[in-house]
Amino acid sequence: MSEHSIVSFITQAICEDLGRGDMYALCAKTQHVKAYIVAKQDGIFSGEVYLKALMEYFALQYSSPYTDGVAFAKGAHLCHIEGDYIKILQCERVLLNILAHSSGIATLTHSYVQAIKDIPIKLLDTRKTRPLLRELEKYSIRNGGGSNHRFGLDSMLMLKDTHLAYVDDLEGIISTARERLPFMCPIEVECESFESAKKAMKAGANAIMCDNMSVCEIKEVVKYRNAYAPHIILEASGNITLQNIREYALSGVNAISIGALIHQAQWIDLSLKMQG
């Protein structure tokens, strides 16, 4: 993520909230004040780069004992802000929305990471992100201890069931892709059974996504991969929860991808208070 993309994002968010102008600014006197953001529940802090950009945009001074990925407890003061009273009010909702959303994703991700912390495996996100919020949401995943899967369709070639519905010659498609795609571009194939995984390995895929397979089926795929194609990466996905993630993680796959890390994350309850 670049500084330009962060500034562009917060500028759009501010314009959305301010509209044609802040009505309160037309009738109130400004003054130099202090404020703070308080957490109303435990969580993992995320949103540091956006906090910094917002403070610079509004020319406000701030300090925070928290950096991205650090745990906080209910009642913690996550940030202290000082400066123009009107400007603090104008950035309040945008700032809280970003921190609450980002920290919510980081917090949920952290809980999954903790469940498998003793297993050498990658926890991945997916492209199931809110439109135009992908950069923020994937950044939040990293702050929770997870890793990012592909950012978009240009990151790698993934052949999903919707692609394969009209593919008669998987080996031919992969061969053509090898000729036309960049040299180091990986090719992953989504498979829903042991037989389809075996077919994809033989066709030359770099990675196999074991989608909606049972743990027993995945173990079959792992056994075959280990014996005949140890270079291939195996990823498990589909219906994986906090309750069963360890079972999947112990199956022998290299990674687990979970869309719910983002689309099921709950906002952290935060509030801005004036220090009077």
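Residues numbered from 1 in each chain as written. Predicted model: local features only at pLDDT ≥ 70, side-chain atom pairs only at ≥ 80, totals over all residues. Heavy atoms only, no water.

**Details of the sheet that holds strand S9 (residues 207-211)**
Applicable threshold: Each pair of strands is called paired provided DSSP finds at least two bridges between the two strands. In this description a helix means any DSSP run of H or I spanning at least four residues, a strand means any run of E spanning at least two, and both kinds are numbered starting from the N terminus. Simply put, an axis is a line fit to the C-alpha atoms, just over the touching stretch for a helix, and the angle between two N-to-C directions goes from 0 to 180 degrees. For this analysis, residues touch if any pair of their heavy atoms sits within 4.5 Å.
Pairing within the open sheet is parallel, and its six strands lie in the order S6-S11-S10-S9-S8-S7. At either margin of the open sheet sits one strand with a lone partner, and together these are strand S6 (122-124) and strand S7 (157-159). Each strand of the sheet is rotated relative to its neighbour by a mean of 25°, with strand direction disregarded. With three bridges joining them, S6 and strand S11 (residues 255-257) adopt parallel strand pairing. In the strand pairing of S11, Leu123 is matched with Ile256. Against the sheet, helix H7 (residues 194-203) touches strand S8 (187-191), S9 and strand S10 (233-237), its axis set at about 160° to S8. Contacting S9 and S10, helix H8 (residues 215-228) runs over the sheet at an angle of about 175° to S10.

**With respect to the environment of Asp84**
Selection criterion: We define a polar contact as two N or O atoms separated by no more than 3.5 Å, with the added condition that, inside protein, one atom must be a possible hydrogen donor and the other a possible acceptor, whereas residues neighbouring each other in sequence contribute only through side-chain atom pairs.
In this fold, Asp84 is placed in strand S5 (residues 77-84). It is 8.7 Å that separates the C-alpha atoms of Asp84 and Lys34, two residues lying 50 residues apart in sequence. A polar side-chain atom of Asp84 sits 2.8 Å from a polar atom in the side chain of Thr30. Among the polar contacts made by the side chain of Asp84, one reaches the main-chain amide nitrogen of Ile86 at a distance of 3.0 Å.

**Focus: the domain arrangement of the protein chain**
Put simply, the test is: Residue ranges for the domains originate in an automatic or database domain assignment. Buried area: the accessible area, evaluated with a 1.4 Å probe, that two parts lose upon being put together, summed over both parts. We define a salt bridge as a contact between a side-chain nitrogen of Lys or Arg and a carboxyl oxygen of Asp or Glu at a distance within 4 Å. Each residue is assigned to one of three groups, with Ala, Val, Leu, Ile, Met, Phe, Trp, Tyr, Cys and Pro labelled nonpolar, Asp, Glu, Lys and Arg labelled charged, and all others, Gly among them, labelled polar.
Along its sequence, the protein chain is carved into domain 1 (3-113 + 266-275) and domain 2 (116-264). Between the C-alpha centres of domain 1 and domain 2 there is a distance of 35 Å. The interface of domain 1 with domain 2 comprises 24 residues on the first partner and 25 residues on the second. Together domain 1 and domain 2 conceal approximately 1900 Å² of surface at their shared face, both sides included; 61% is due to carbon and sulfur atoms. When residues of domain 1 are sorted by the area they lose upon contact with domain 2, Ile105, Tyr112 and Val113 head the list and together hold 37% of the total. There are zero salt bridges connecting domain 1 and domain 2. Counting residues per element, the ones that place at least two in the side of domain 1 that touches domain 2 are helix H1 (3-18), helix H2 (48-57) and helix H3 (85-115). Examining the composition of the side of domain 1 that touches domain 2, we find that 11 residues originate from one element, H3, more than from any other. Tallied by class, the residues present in the side of domain 1 that touches domain 2 amount to 12 nonpolar, 10 polar and two charged.

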